[in-house]
Amino acid sequence: MNDSISAPDPTATRQHWMSVLARAPAEAIEAGLTPPPAWTRVRGPETGLVMVRGRAGGSGSPFNLGEMTVTRCTVRLESGVAGHAYIAGRDERRAELAAVADALLQDPDRGACLRNSLILPLAAAQREQRLTRAEKAAATKVEFFAMRNMRS
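Before going into details, it helps to say that this report is about the structure given with it.

1. Side note on the layout of surface pockets
Approximately 160 Å³ is the volume attributed to the largest pocket. Forming the walls of the largest pocket are Arg23, Ala24, Pro25, Leu122, Ala125, Gln126, Gln129, Arg130 and Arg133. Here the lining of the largest pocket takes 6 residues from helix 4 (residues 111–139), the largest share from any one element. Classifying every residue of the lining of the largest pocket gives 4 nonpolar, 2 polar and 3 charged.

Pasting the structure below:
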């Protein structure tokens, strides 16, 4: 039996907050970055296309579904910490703010506070939106059955 408490995986933690930031509106990110730090742009924001791939049936052969517009940005804080962001769409301001938030979240002094004040509320709101969409979709579900099942 192992009594040691394992630390959370830093890669998974960062993937989570970057996922939340990528879906968050610019206004919500900006509101969580008060007071805003000083930063410089290292790259971008730049808009381009990425190929979205799918799999037949979710597990079959991969195929190219189509292209999607993304915007990326990299910033560096005065402390030297770099932040990166990739977001769907063309909102350059949102990509830049998400990159700033990524850099701040990596800061040991400010990261924990920012996770509690910015990432957790955004994640909860996004989870609620997903549940609401799922409930609306479930309400339109039609159960199909074969005619032979009706004969008894």
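The discussion continues.
2. Details of unusual backbone geometry
A negative phi angle is the norm for most residues apart from glycine, just as the trans form is the norm for most peptide bonds. Backbone torsion omega between Thr34 and Pro35 reads -5°, so that peptide bond is classified as cis. For Pro35, the position within the fold is in the loop between helix 2 (26–32) and strand 1 (39–55). The residue after Gly44, namely Pro45, is reached through a cis peptide bond having omega 5°. Positionally, Pro45 belongs in strand 1.

3. Considerations on helix 1 (residues 10–23)
With 14 residues, helix 1 should reach 20 Å at 1.5 Å per residue; the first-to-last C-alpha distance of 20 Å fits that figure. Looking only at helix 1, the buried set comprises Trp17, Val20 and Leu21. When helix 1 is viewed along its axis, its buried side chains cluster within an angular range of 100° and face the same direction. Facing away from the buried surface of helix 1 by more than 90 degrees, the exposed residues are Gln15 and Arg23. Those residues of helix 1 hidden inside the fold are in contact with helix 2, helix 3 (92–106) and helix 4. If you check the start of helix 1, you find a side-chain oxygen 3.2 Å away from the backbone N of Thr11, and it comes from Asp9.

4. Re a positive patch on the surface
On the surface, a cluster of positive charge is contributed by Arg23, Arg127, Arg130 and Arg133. For the positive patch, the leading source of residues is helix 4, giving 3 residues. Positionally, Arg23 belongs in helix 1.

5. Points about the pairing of strand 3 (residues 82–88)
What you see with strand 3 is a clean split: Gly83, Ala85 and Ile87 sit on the buried side and Ala82, His84, Tyr86 and Ala88 on the side with no burial. Across 7 bridges, strand 2 (residues 62–77) lies against strand 3 in antiparallel orientation. Note that in strand 3 the partner of Thr74 across the bridge is His84. Counted between consecutive antiparallel strands, the loop separating strand 2 from strand 3 contains 4 residues, among which Gly80 sits at a positive phi close to 100°.

6. Regarding the sheet that holds strand 3
Judged by pairing direction, the sheet is antiparallel, and its 3 strands sit side by side in the order 1-2-3 without closing on themselves. With partners counted over all chains shown, the strands left at the sheet margins are strand 1 and strand 3, one partner each. Averaged over neighbouring strand pairs, the angle between their axes works out to 25° when direction is ignored. Pairing geometry for strand 1 and strand 2, over 14 bridges, is antiparallel. Opposite Arg41, over in strand 2, you have Val75 as the bridge partner. Seen against the sheet, helix 3 touches strand 1, strand 2 and strand 3 and runs at an angle of roughly 140° to strand 3.

Here is what the cut-offs are and how they apply
Residues numbered from 1 in each chain as written. Predicted model: local features only at pLDDT ≥ 70, side-chain atom pairs only at ≥ 80, totals over all residues. Heavy atoms only, no water. 1 Å grid on protein atoms, 1.4 Å probe; cavity = no way out; pocket = protein on both sides within 12 Å on 5 of 7 lines; lining within 4 Å. Points joined across faces, edges and corners; volume = space filled by probe spheres on them. Helix = DSSP H or I, 4+ residues; strand = E, 2+ residues; numbered from the N terminus. Nonpolar A, V, L, I, M, F, W, Y, C, P; charged D, E, K, R; others polar. Expected span 1.5 Å × (residues − 1). Buried < 20%, exposed > 50% of the residue type's maximum accessible area, 1.4 Å probe, protein only. Arc of directions from axis to C-beta. Contact = heavy atoms within 4.5 Å. Polar contact = N/O pair within 3.5 Å; in protein donor to acceptor, adjacent residues only side chain to side chain. Patch = residues over 30% accessible without salt bridge, like charges linked within 9 Å, V, L, I, M, F, W, Y side chains within 5 Å. Areas by Shrake-Rupley, 256 points an atom, 1.4 Å probe, with all protein chains shown as cover. Salt bridge = Lys/Arg side-chain N within 4 Å of Asp/Glu carboxyl O. Lys, Arg positive; Asp, Glu negative; His and termini not counted. Charge placed at Lys NZ, Arg CZ, Asp CG, Glu CD. Pairing = 2+ DSSP bridges. Axes fitted to C-alpha atoms, helices over the stretch in contact; angles between N-to-C directions.

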